[in-house]
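Chain by chain, the residues:
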Amino acid sequence: MRDIIAVDPNESIEEGNVRISLTDIPWLMLKRLMCAHSESRDITVSEEEHTENSLNLEDSISLFLEIPEVNHDISPLDILNVVFQCCDPVMKQIFVQKLYLCKLAVPFLYKNWGTYKKQTPVLSVWPLRSLAIESKQRIANKDIRHGKESDVLDLPTNVLAFGRLGRPRYSKSKLINSLLLSQGCKTFFNMDCPSGMTPRQLSNGQVEIFWLPTIDEKKDRFQDVMTFLNLRGDLDKDFSKEFLVFISHFIDSIVIIIDIDTILKHSKMVKDVILPLNSVILIIADPLNHDAVKLIQSFQSDVTSLKSEFNLRILSTHKGNFEQNVMDMLSSVTKTISNTLKTNDTMSFEKRLLRAKLAKIKTDEEDEICQEGKLQATKLIKQMKAEGEPNGWKQHLTPVHGIFSKQLGKPLKERERERDFKEVDNIDVKIGKVRRQQIASITKSVRFFLDILIKNNSFPLLLKYFLSWLHFLIEREKRRVLPQLMHANRCAWEKLKTLKSAEKLAKEEIKKQEHVITDLERKIDEASFAVQHFFREISHINEAILELKEDTKILGLPSLQQTSSIIARLVADGHPFELIDGESFYMPYLWTKKVLEMVDIFIGSSKVMTLGVLGLQSSGKSTLLNTMFGSQFSSRTGRCTRGIHVQLIPTKTEDIAATFSVFNYVLIVDTEGLRSPELSHVQHEHDNELATVITGVGDITILNVMGENAIEIRDILQVIVHAFLRLKMTNEKLDIRKSCALVHQNVTDTSASENMISGLSILLQTLDEMTKESAKSEGINDIKTFNQVIEFDINSQVWYLKNLWQGNPPMARVNNEYSECVVDIKCKILKKALTMKNKSYKSLNDIVEQAHNLWKGVLNEDFVFSFRNSLEIKAYMQMEDVVKDELWRLESLIQDKLTQISQSRFAICDQKGNLRKVAYKLISDLERHLSAERTKTTEKIQAYFDGNKYKDIIIQWENNQKVRVNVLCDKLKQNIKHHVEKCQVKRSIQILTVTSQEKHEEELRKRSMEVANAHKGQKLSRKLIDKLFDDIWKDFLNKVDTSSTSSEKSTIKMQHIFKTCLDNIFCQNHALLKTVLQATDFLSPLAKPLANSFFETGISESDVNKKLLQKGKHFVCQIFGLSDIRKYVRDSVNQIFESVDRKITELCQVDDEVSETSVNILMHDLNSIVDSILKGDGKPTFKPIFYMKLYVHVSRYAHPIFEHHNETYFKTHGTAIILEEYRVQQKISFESHLQSREIEEIVAKLISNVIDNFANEWTSQSMPNKVTDKLQSFLPKVKNRVIIELCTDLLETSNFENFIRYIVDPYGYACTWITKEANKYLDDSKYQVIANTSTSLIEALFNNVTRCVKEIHKKYDKKPPPSIDKWIESFQIAMELADVSIPSERFRNVRHETSSSIQNVEHLTNKLLGYLSSSEKKLVSEFNSQKSNTIKWVGFNPVTLIIEKIWGCKEQCAFCGEPCAKDQYHKGSKHYSIQHRPSCCKGTFLDNSSKPACLESCNFDVQSDQTHTCRVFNYVCNNGKLEDCGKKHHYRDYKTYFPNWDIAPSSNMHDSSEFWMWFVATYKDQLKERHGYQVDHIPSSWSTITISAAKESLHKVYSACKPTL
């Protein structure tokens, strides 16, 4: 089935444009048959094209000469027979249904070519079970006939067979076709069909069948339903005696076509054939002269004498010597058949098959698997009957959805619309009660059905048989009940119509009749049970289990995994699946998601294009989809599709050129019609709900219209526009533009497109006005035209379909033009979908999530405030991951390049005058490199946007990501300039220092050599050696200028810097500040750590604003006692100190000078922390002296730490470090000469020392960037994920004070948390980040050095030894080629060691390699001993940088404190939070006498009329004064005071994060104690939220997915 319905966008190509080979025919036949094309049987091989219209004589002769001796053509009938046999059981049933729709004959008996040698005849009964025929049937032998639908095996009918003996010239197939339809038809294949004269190889001996129902006594050819059997081939040669015995018991009569010669020459054979039969009509296909008549009479007498009850009638195709025309012959045959069958009672096929059972003819239902499927279905039916009568099966067998799901519809909608938490709790109790009733109401039949599904899971064929048998048996039971109810309903409507048209209206009678109709409609609905109701029941049962978290084992049910797997397999194989139950508009989301997640796995997470269809009821939507895709949606007249159903169709899109948006499957969505009379009392709302869900889910929507009614089109499109505008209002940046196709059905006028173009143009103008007004009323000002909402071109996106049916009943068939046009529409739609730019297709998981969001949205009265796009969050998270990776890749690359190139370039410059030129060139090169990398990064991000599966969602953020790249690049440009300038200054100092020391260095060398030579050969102690050198070094230092460099000289005492900073902050209270400073002895150093040092601050109760405390109307006076204030202030100040302590540690961990700017930044950060923690709703206010004491206390702690840090820094940088490196080298030289070492050893040791110092610097410079890389991969990249992990940690540790710290200062708490996690990772023995990173860098550098040393050795091997200068020059060149440059002056000690050549290069090499190895090990050991709290980062602290990148914007919602969700660079776009907490988390209470905690969130309040006092947003309304302005403020007016914030309104408070509900319920007593509000009204349902549910809600809210286990 999957193979056949797979969609190929190229299948609409006309036959003339593509050659059809013999091997193409079977597939084409199947594909066209699935689209109900009545000429699908007539496909033939393409003929060679001729360039001329006629042939000359010579050409004609050559044409005849080319006729092959053997004909390789195959009869279409043979192909049809083989294709039919190749189908699986389910496909055979569909095959027969489509043949009947096309009014083509159906295979009834065939030779099984699977057993070729035996060619076993098989009676095809199984496929007929799926076929139902409607006809007017007599009731209990009365003359009254009523329309009734019966399956063909249960249909009372006369059966008439047609056969031939010999090869008469008269076509029996054409005769049957004429009996079916006077004008003739193609039901039975005949000589006039394409390739009709091609010899049949397989079909002789086959029997075809077709039916002629009765519809109208005046028009019917026969009184009762007729079934015609066409026996292909010669009755004597092609059919066995067993078959003739079977056929004699099965049929009422047979018409045999024969010629006179056959009777004359083979009289005995003719008698042998016809005598086993009971009734025969012989049609002589020859003129009958007098002798022939006598011969026939004699033959008739002989036959009747042999069998007395034998009924033999003889006709001739001729009257005398003239052949009768078709109509005369038809009249004669009809009359004869009617007379023959007059005495025969109609009988069903099943009874006939039982009567003919003596024959040795096997049916296809005798297959063992088929019988097992039947047995299982029969047992289930028996159980179903035991539980209730068929007319009440929906309530008796499936009460979970038939009764209780309907009870869920109203409370679910009320829950979405309810504002009061207590009432929501009550509704939840009701819903929970209904769900428990659902679980308690699982019937035995449903359990039996489930058990069969699970048992047959490994036997797909058996499962198919079982479901088909069950469908057949249920339909048969329904047909015993429904016809009477439908008839009674029609009569009731007619009576109501009569009552309403009466001159005097009888209102009571009309009302009574309306009640009768309502009751009949209910009964019809109850009796309309189907297999799909079992699947719906399973869905609703499992949804209840998932919602209540029940154990299926305890309930005696299969596991959810087993059940979902088997249903998912059915859906993946193309079975329809219910998305939303139309009877209760209920979506079993959890179950649906579970099933479709499994389907997604089965189809390899392929992309899916969703195609929906909308239209009025009975407008042919399901038929359109069934014809278009070969789907199996129910399409019965009068009992239409209810709810929303989907079917998965595979596609073949690999051959489509110019594809922008690829998908592998089409999910077709069928729904009930708009304006359903069954739902008239809630119609407008229901139509909008349906339209919103369908258009929201569908990538393309087909608008299906019956006829040419422009008003009907307008009404539907207005509904669609309304739905699309609703989606737009949920996100103003969302691209809502969808694609729609308009299909007019039943348009007979061939010039409809021309005639309707003007009407459509006027309609489009009307729709433009309507769209503009609707958008304006909703506040969407950028929507001006209909085409901005729906992509709709009246010239290319409107199609007209002719009537579905061609001809008159009962032989009306599907119109070929309808079928062809539908296929053409399908292909154009698919090609358009494949070539849409900026379009992405989703996975099934995403589609069900989107459908659920839409369903939840439409349940609410205000869709705009309730719709939550989970896919948007998911897409955003994925985008952030990718973009942040790319941005960091760019930053890391530039940082590495900057470190490497700047070091190399300045190292090779030894002239101070050239430094500026080098710096300029370096900046230019790095900016050029940055520009190239910016282009690459932009292209990669653009490629991500172009190829992303959520392309249409993330396009709203595309421009912002480009801005982020530009902002980063601007920042990197500044970093480049700053770093290069810093390197330039550093190199300048080095050159100046070396230059100033050069004249004294020579004296130092001479003096050290003299002392060394004087003591050469003596055994000196280490102490004496050190003393000798120290004396020499002191003399040197006395001569050299060791005063500080300009930067060091300008260093001001930290104590003075902090005092200046305090003066600037408290400039308006200078005298008060002086008093505070005096009390601390003008910033005397603090002896204790800052953390928990509140009592050393000197802060007292008098520092709290008592004026505010005494105002009775204010929060502080009402709530806080003095003890409460002390605790609040102490805790808050200590929290501030924790944050400041962390910042001081971060500053001191960077290997750089703490400057005045650094102090200013620290004090600014302190100010931000204080604002965040101490200021806000429900918090006490403080006097200026409080802040002074706080800031002074921090200053006392910080300034000595910074002082000590700077002292250490200057000892290891600038002049000091240059002198120290020189001292070590001189001492090496001194000791070497003292011990009379070889020159090679001295040189090796000196060079090793240079490399050692350089490696230490190089590794220290490279470490921050490399460690940041590691942290980037370990820590969450996106803020949302940090919040998830951070809050999960809060859940698991359950520390109330930590919760409060996070609520008050999310950024500060996150910084602490990220720092802790980062340091834990850096210090973890499992990862050994610092050790591994430094080791990797050191090894890489020493490997380069070692390779260079070996290369030089190789260069001078077997050559004269080089001088020291030459060797060093060669070494430096080799190192530069390895991208490592060491300043030449660092080797000056080596150069000055000797002017002579190296005596032994190999000895030098070996010694140097030995020393390098030791240096490498020593350096590795030094770095390996470093921990996160001891290491000094050069340039920047990786942890600080990673916090900045992860957290981004530090802003918080002014009402609830939830952090802004955006990146640090979002200039031009407003702050927003993904969710908002209940306001009571921050301390807000309702402003009335009982002071209840405010449980609503601010995003809930902004769409209401709720007001708040000034304190709620920290008095921003009163120009900085911390007192009321005297007005109440509406939450909805928040933009007046916070224009840069966007709080997305929500009308569904209880659907927000369960995490904060859990927090409020769990810590309500602590919250009451802290904030002083009442908590008695907290919903009891909040207390039932488990930790795991709270954790899951975090993932749902912040990442739109479940937590990973």
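Now for a description of the structure that goes with this document. (Residues numbered from 1 in each chain as written. Predicted model: local features only at pLDDT ≥ 70, side-chain atom pairs only at ≥ 80, totals over all residues. Heavy atoms only, no water.)

Another point: the overall build of the protein. Of the regular secondary structure elements, the protein holds 59 helices and 25 strands. Residues classed as buried in the protein amount to 55% of the 1605 residues present. Residue pairs in contact within the protein that sit at least 24 positions apart in sequence constitute 78% of those at least 6 positions apart. (Helix = DSSP H or I, 4+ residues; strand = E, 2+ residues; numbered from the N terminus. Buried < 20%, exposed > 50% of the residue type's maximum accessible area, 1.4 Å probe, protein only. Contact = heavy atoms within 4.5 Å.)

In this section: the sheet that holds strand β9 (residues 279-284). Paired through backbone hydrogen bonds, the strands of a sheet run either parallel or antiparallel to each other. Ordered in space as β10-β9-β8-β5-β7-β6-β1-β2-β13, the nine strands form an open sheet in which the pairing is mixed. Each having just a single partner strand, β10 (311-316) and β13 (362-363) make up the two edges of the open sheet. For strand β1 (residues 106-112) and strand β2 (residues 120-123), the ladder comprises four bridges, and the chain directions are antiparallel. From the neighbouring strand, Leu109 faces β2, where its bridge partner is Leu123. Running over the sheet, helix α7 (residues 241-250) touches β1, β2, β5 (158-164), β6 (207-212) and β7 (226-234) and is turned about 165° from β7. (Pairing = 2+ DSSP bridges. Axes fitted to C-alpha atoms, helices over the stretch in contact; angles between N-to-C directions.)

This paragraph deals with the pairing of β1. With respect to burial, β1 is a largely interior element, five of its seven residues being buried. Examined bridge by bridge, β1 and β6 share three bridges and lie antiparallel to one another. Each bridged residue has a counterpart across the sheet, and for Leu109 the counterpart in β6 is Val207.

Further remarks concern helix α17 (residues 444-455). The end-to-end C-alpha distance of α17, which contains twelve residues, comes to 16 Å, matching closely the 16 Å that a straight helix rising 1.5 Å per residue would cover. Burial in α17 covers these residues: Ser445, Val446, Phe449, Leu450, Ile452, Leu453 and Ile454. In this structure, the buried side of α17 is in contact with α13 (368-387), α14 (393-397), α18 (460-479), α21 (531-548) and α22 (560-572). (Expected span 1.5 Å × (residues − 1).)

Packing of helix α16 (residues 421-440) against α21 leaves a shortest axis separation of 9 Å and a crossing angle of 125°. Accordingly, the angle class assigned to the pair α16 and α21 is oblique. By crossing handedness, the relation of α16 to α21 is classed as left-handed. From α16, Gly432, Arg435, Arg436, Gln438 and Ile439 reach across to α21, where they touch His540, Glu543, Ala544, Ile545, Glu547 and Leu548. Grouping the constituent residues of the contact of α16 with α21 by class yields four nonpolar, three polar and four charged. (Parallel < 35°, antiparallel > 145°, perpendicular 65-115°, else oblique. Left-handed = near helix turned anticlockwise from the far one by under 90°. Nonpolar A, V, L, I, M, F, W, Y, C, P; charged D, E, K, R; others polar.)

Turning next to helix α56 (residues 1554-1562). Note that an α-helix has 3.6 residues per turn; residues three or four places apart therefore point the same way. For α56, the tally of buried residues reaches seven of nine residues, placing the bulk of the element in the interior. Those residues of α56 lying buried are Phe1555, Trp1556, Met1557, Trp1558, Phe1559, Val1560 and Ala1561. Its buried side turned inward, α56 meets α47 (1279-1293), α48 (1296-1304), α57 (1564-1571), α58 (1580-1583) and α59 (1587-1599).

In terms of burial, β6 is largely enclosed, as six of its six residues are buried. Taking every second residue as pointing to the same face, both faces of β6 are buried, with Val207, Ile209 and Trp211 on one and Glu208, Phe210 and Leu212 on the other. Pairing of β6 with β7, which is carried by six bridges, proceeds in the antiparallel orientation. When the bridges of β7 are listed, Phe210 appears paired with Phe228.

Let's shift gears to the packing of aromatic side chains. A full pass over the atoms with the stated rule returns 51 aromatic pairs. Judged by centre distance (5.3 Å) and plane angle (90°), the rings of Phe529 and Phe534 are edge-to-face. When its relative accessible area of 0% is taken as the criterion, Phe529 is described as buried. A centroid spacing of 6.1 Å and a plane angle of 85° characterise the contact between Trp1558 and Tyr1563, whose relative ring orientation is edge-to-face. Residue classification places Trp1558 among the buried residues on the basis of a relative accessible area of 6%. Aromatic rings pair up to connect Phe1296, Phe1299, Tyr1302, Tyr1309, Phe1555, Trp1556, Trp1558, Phe1559 and Tyr1563 into one cluster. Arg569 extends its terminal NZ or CZ atom over the ring of Phe602, reaching a point 3.9 Å from the ring centre. (Phe/Tyr/Trp six-rings, centres within 6.5 Å; stacked < 30°, edge-to-face > 60°. Lys NZ or Arg CZ within 6 Å of the ring centre and 35° of its normal.)

The next point concerns the pattern of salt bridges. Side-chain pairs of opposite charge can arise whenever the charged atoms involved come near each other. This model, assessed by the stated rule, comprises 58 salt bridges. Taking the shortest distance from any N to any O, the salt bridge between Arg129 and Glu350 comes out at 3.1 Å. Taken as a pair, Arg129 in the loop between β2 and β3 (132-138) and Glu350 in helix α12 (residues 349-355) lie far apart in primary sequence, 221 residues in all. Judged by relative accessible area, Glu350 falls into the partly exposed class, the value being 24%. (Salt bridge = Lys/Arg side-chain N within 4 Å of Asp/Glu carboxyl O.)

Interaxial distance between α17 and α22 falls to 10 Å at its minimum, and their mutual angle equals 75°. Between α17 and α22, the angle is such that the two are roughly perpendicular. Contacts from Leu450, Leu453 and Ile454 of α17 reach α22 at Gln562, Thr563 and Ile566. Of the residues in the contact of α17 with α22, the class split is four nonpolar, two polar and no charged.

A few words now on the environment of Thr771. As for its position among the elements, Thr771 is in helix α27 (residues 752-777). On the accessibility criterion, Thr771 (0% relative accessible area) is buried. For the pair Thr771 and Val789, spaced 18 residues apart in sequence, the C-alpha to C-alpha distance is 8.2 Å. Residues contacting Thr771, with those up to four places away along its chain left out, are Val721, Leu725, Ile783, Thr785, Phe786 and Val789.

With that settled, the discussion passes to the nonpolar core. Among the nonpolar cores identified, the biggest contains 133 residues, and Trp211, Phe228, Leu229, Phe243, Phe250 and Ile337 are the most heavily contacted of them. It is helix α29 (residues 816-834) that provides the largest number of residues to this core, a total of eight residues. Residues in contact with Phe228, not counting those within four places in the same chain, are Leu160, Phe162, Ile176, Leu179, Leu180, Phe188, Glu208, Ile209, Phe210, Leu212 and Phe222. Counting residues in hydrophobic clusters, the runner-up holds 105 residues, among them Val1076, Ile1300, Ile1431 and Tyr1563. (Core = buried A, V, L, I, M, F, W, Y, C linked by side-chain atoms within 4.5 Å.)

Worth remembering: the numbers are spatial, not functional.
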